[in-house]
Amino acid sequence: MRIICIKQGEKSNQLAALTDHGQIYPLQYNNFLEIMREAELKNETCLSLVQQAVQAASPLQANLEELALTLPVKPEEVWASGVTYLKSRDARNIESNVTNGDSFYDKVYDAKRPELFMKSTLHRTVGPNDPVYIRTDSSWQIPEPELGLVLSSKGDIVGYTIGNDMSSRDIEGENPLYLPQAKIWKNSCSIGPSIRLAETVEEPYNLDISCRIYRNAELVFTGEANTSQLKRKYDELVSYLIRDNVVFDGTVLLTGTCIVPDGDFTLADGDVIEIEITGIGILRNPVQVPKSVSLVN
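Here the structure is a predicted model, which means the values were calculated and not measured.

Q: I would appreciate a short explanation of the pairing of strand 17 (residues 272-277) in the present structure.
A: Each regular strand displays side chains that alternate between the two surfaces of the sheet. In the sheet, strand 14 (residues 208-215) pairs with strand 17 via six bridges, with the strands oriented antiparallel. Across the sheet, I213 pairs through a bridge with I273, a residue of strand 17. Across six bridges, strand 17 lies against strand 18 (residues 281-288) in antiparallel orientation. Each bridged residue has a counterpart across the sheet, and for I273 the counterpart in strand 18 is N285. The antiparallel hairpin formed by strand 17 and strand 18 contains three residues in its connecting segment, where G279 sits at a positive phi of about 80°.

Structure follows, in structure tokens:
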């Protein structure tokens, strides 16, 4: 069972449940946070509430491909995990010109404490088919396809989604202290297209992840990975995020990437990024160089 949010106008959206058979049922909730909070209040799971709502509703007469989707959850914060895959560690070393095997990234990969950092806020985060921006002061930028954990304020994993952690490799490679600038800017993070409810995922450490990048309608990059390659466990990452920290309902924690384009590749204006994860869907975003940056979406 997946949760999607359908655009119905400039300010009107419809939350819906998407079954594995492709049927779409409208839900009488304004947003996913309402489902989370009602489930906690009633001591039920989100899946149980959604199943009850589906039984009382009639499916929409539409196919998923016909619908315009938006953010399935509006997270006040998006956090991210770094160097959780071996390939990510190696890529960080390459961009930093480190070859001695004793870099900050080597130490983080092997350390007890994971690397966690603030990635985005709601007004910096976009949904399916919305443009992601590339920094105007960077010459080496890539997407980072990642599995996202949708969390409750207690740190419970209530669902899984797809995240695109846009990254400026040249800025981070110049100095690791530049990480916030290499990671955070407007439209530097996309989430979607759905939330796969946690109870419906049998093996979260065996999810296929793929990334495709198109330029002028031609495929210029493709990569594949599996969450079985992740070094750290999800509960471990969450446990460090919630330590002495305030976590909001609907917070998304990205779990790191194992798909990294070659060093001579950088995103360009007009590219289209597709990230696909088993059972969640395809997160598609066009790439733009921003002409101006406003305060809100």
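Text resumes after the structure shown.
Q: Would you mind going over the nonpolar core with me for this structure?
A: Buried together is how nonpolar side chains tend to be arranged in soluble globular proteins. Ranked by size, the top nonpolar core spans 40 residues in total, and within it L147, L149, Y160, L253, L267 and I273 carry the most contacts. Looking at this core, the elements that each hand over two or more residues are strand 8 (132-133), strand 10 (145-151), strand 11 (157-165), strand 14, strand 15 (218-226), helix 7 (234-241), strand 17 and strand 18. Looking at this core, the element that brings in the most residues is helix 7, giving four residues. Excluding anything up to four places from it in sequence, Y160 contacts L147, G148, L149, S194, I195, R196, A198, V201, P204, Y234 and I280.

Q: Even after reading the chapter, I still don't get the sheet that holds strand 15, so can you show me in this structure?
A: Pairing between the strands of a sheet is mediated by backbone hydrogen bonds and can be parallel or antiparallel. Pairing is mixed in the open sheet, where five strands are placed in the order 8-18-17-14-15. Bordering the open sheet on either side are strand 8 and strand 15, each of which pairs with just one other strand.

What counts and how
Residues numbered from 1 in each chain as written. Predicted model: local features only at pLDDT ≥ 70, side-chain atom pairs only at ≥ 80, totals over all residues. Heavy atoms only, no water. Pairing = 2+ DSSP bridges. Helix = DSSP H or I, 4+ residues; strand = E, 2+ residues; numbered from the N terminus. Core = buried A, V, L, I, M, F, W, Y, C linked by side-chain atoms within 4.5 Å. Buried < 20%, exposed > 50% of the residue type's maximum accessible area, 1.4 Å probe, protein only. Contact = heavy atoms within 4.5 Å.

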